[in-house]
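# An overview of the molecular structure
Listed below are the residues making up each chain.
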Amino acid sequence: MMSMDLIFWIIAFLINLALMASTFYQIVILTDLEADYINIYDSATSINRIVLPEFIVQGVFCASFLLTLHWFMFLITVPVTCYHVMLFLKRQHLFDVTEAFRFLNAEKKFRLIKLGFYLVIFAIITGRLALSVFEFLSDADDATQLF
């Protein structure tokens, strides 16, 4: 049976990949809007459709670190989660069609910073995943030597 720690890091790895893909998709949509390859209404619809699920996944991601007592990872992910909660409570989480071109550069910059944040988290999670795999395999080798 696989170690629970290994299973947790695999799930965290997949969640982080999903968050990076979501953020990258939003950056591509905003870049297409800036280059006038996409209609403003289509871009707002595409972005707004995934914003709330992204916020929920980020909250679950942060809470999972808290519940599994990974304090360092929790403290790293809590600022983005709090920022998402603040945006949601102020009703500023959706991409506004009427203000799109005025805030386009700020929206792109926010998402690029968030993508960089997720890349740092990705590096940490990949290292922890590799460490968990190594520990699991070394424990399996020790167990086979007993027989």
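The preceding data block contains the structure.
Conventions we followed
- Residues numbered from 1 in each chain as written.
- Predicted model: local features only at pLDDT ≥ 70, side-chain atom pairs only at ≥ 80, totals over all residues.
- Heavy atoms only, no water.
- Phe/Tyr/Trp six-rings, centres within 6.5 Å; stacked < 30°, edge-to-face > 60°.
- Helix = DSSP H or I, 4+ residues; strand = E, 2+ residues; numbered from the N terminus.
- Buried < 20%, exposed > 50% of the residue type's maximum accessible area, 1.4 Å probe, protein only.
- Salt bridge = Lys/Arg side-chain N within 4 Å of Asp/Glu carboxyl O.

### Notes on the packing of aromatic side chains
For the structure on display, the rule yields seven aromatic pairs. On the basis of an interplanar angle of 50° and a centroid distance of 5.2 Å, the ring pair of Y83 and F110 is categorised as tilted. Linking Y83 in helix α3 (residues 71-89) with F110 in helix α4 (residues 104-145), this pair joins segments that are 27 residues apart in sequence. On the basis of relative accessible area, Y83 is assigned to the partly exposed category, the value being 34%.

### Thoughts on the pattern of salt bridges
A full pass over the atoms with the stated rule returns three salt bridges. Here E34 and K108 are joined by a salt bridge, their closest N and O atoms 2.6 Å apart. Of this pair, E34 sits in helix α1 (residues 4-34) while K108 sits in helix α4, and the two are 74 residues apart along the sequence. Here E54 ties to K114 by a salt bridge, and the two come within 2.7 Å at their closest N and O atoms. One end of the pair, E54, is in helix α2 (residues 40-67); the other, K114, is in helix α4, with 60 residues separating them in the sequence. For E54, a relative accessible area of 3% translates into the label buried.

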